[in-house]
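The primary structure of each chain is shown beneath.
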Amino acid sequence: MVAMLAGTLAAAVPVSAQQQQAHVHGHMTLDVAVDAQTITLAIESPLDSFLGFERAPRTDAERKRVANLVARLQSADSLFQPDPEGACKLSKVALSSAALGLGEKQEDEHGHDHADKKAHDHEHASIDIDIVFTCTQATEARFIDVKLFDSYPRIRTVAAQVATPQGQFKHTLRKGTSRLNLSH
Ligand SMILES: [Zn+2]
């Protein structure tokens, strides 16, 4: 009964409320949804964890860091590697960061106050990364190997929430325990 109630409450919390709590340097959230033929990953992270700064790049070196980051995230299957048993292929990556001018928020810098408000609060900025894998048998995948920690040492913890046909699970990943099990 308690578990059932907790599940109901968690499902009722709006996504925006969860995201507002997500900006802790070194920490990111990763929501994984496993369906019959897709595995979807939704990440929100402070930009600091990837870049060491949280604003538009100002120098050539910073612009190069941003370009390298975007290129690496676009080939997200090198950073997130589902269990080969699922026979998954990367099919879509969407990046969104108002500070970097990525995604649909980029034209709202001064015209609107809703989309990039978060980016201006306390001079913090985040990046949202949405990744879709198309799989022959997604539910056969037992894990996803997360390869972020060596490439981006500022990332210390990843709070993962997994939703599968078998239920919902939470796991915390760190350097050294970077395999995300898609079960308990
Ligand atoms: Zn910050």
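About the thresholds
Residues numbered from 1 in each chain as written. Predicted model: local features only at pLDDT ≥ 70, side-chain atom pairs only at ≥ 80, totals over all residues. Heavy atoms only, no water. Helix = DSSP H or I, 4+ residues; strand = E, 2+ residues; numbered from the N terminus. Buried < 20%, exposed > 50% of the residue type's maximum accessible area, 1.4 Å probe, protein only. Contact = heavy atoms within 4.5 Å. Areas by Shrake-Rupley, 256 points an atom, 1.4 Å probe, with all protein chains shown as cover. Donors = N, O, S within 2.8 Å, 3.2 Å for Na, K, Ca; no water. Polar contact = N/O pair within 3.5 Å; in protein donor to acceptor, adjacent residues only side chain to side chain. Pairing = 2+ DSSP bridges.

Visitor: Summarise the overall build of the chain; cite the residues concerned and give the values.
Guide: Along the chain, the regular secondary structure elements total 6 helices and 9 strands. Counting only residues that meet the buried cut, the chain has 37% of its 184 residues in that class. In the chain, the share of contacts with a sequence separation of at least 24, taken over all contacts with a separation of at least 6, comes to 64%. Working note: accessible area of the chain is about 10,600 Å², and carbon and sulfur atoms make up 51% of it.

Visitor: I'd like to hear about the coordination of the zinc ion, residue by residue, with values.
Guide: In ideal tetrahedral geometry, four donors around a metal make angles of 109.5 degrees, whereas ideal octahedral geometry with six donors gives angles of 90 or 180 degrees. Every protein donor of the zinc ion is listed here as H23 (NE2), H25 (NE2), E54 (OE), E54 (OE) and H124 (ND1), and their distances to the metal cover 1.8 to 2.8 Å. Taken in chain order, the donor set of the zinc ion reads H-x1-H-x28-E-x69-H. In this pair, H25 sits in the loop between α2 (15–20) and β1 (27–34) while H124 sits in the loop between α5 (117–120) and β5 (126–135), placing the two residues 99 residues apart along the sequence. Residue classification places H25 among the partly exposed residues on the basis of a relative accessible area of 32%. On the basis of relative accessibility, which here comes to 27%, the residue H124 falls in the partly exposed class.

Visitor: Can you break down the environment of L69 residue by residue, with the values?
Guide: Tracing the backbone through its elements, the reader meets L69 in helix α4 (residues 60–74). The class for L69 is buried, based on a relative accessible area of 2%. Separated by 19 residues in sequence, L69 and F50 place their C-alpha atoms 7.4 Å apart.

Visitor: I'd like to hear about the environment of D83, residue by residue, with values.
Guide: Positionally, D83 belongs in the loop between β3 (80–82) and β4 (88–96). The spatial distance from the C-alpha of D83 to the C-alpha of L180 is 10.0 Å, given a sequence separation of 97 residues. Once residues lying within four places of it in the same chain are set aside, the contact partners of D83 are E140, A141, R142 and F143. At 2.8 Å, the side chain of D83 and the backbone nitrogen of R142 are in polar contact.

Visitor: Go over unusual backbone geometry, please, and point to the residues and values.
Guide: Positive phi values are uncommon outside glycine, yet A87 reaches one of about 50 degrees. For A87, the location among the structural elements is in the loop between β3 and β4.

Visitor: Got a sec to walk through the pairing of strand β7 (residues 157–164)? Specific residues and values, please.
Guide: Relative to β7, β1 runs parallel, the two sharing 7 bridges. The residue bridging A33 from the neighbouring strand is A163, located in β7. With 7 bridges joining them, β7 and strand β8 (residues 167–173) adopt antiparallel strand pairing. Of the residues in β8, the one forming a bridge with A163 is Q168. What sits between the antiparallel neighbours β7 and β8 is a turn of 2 residues.

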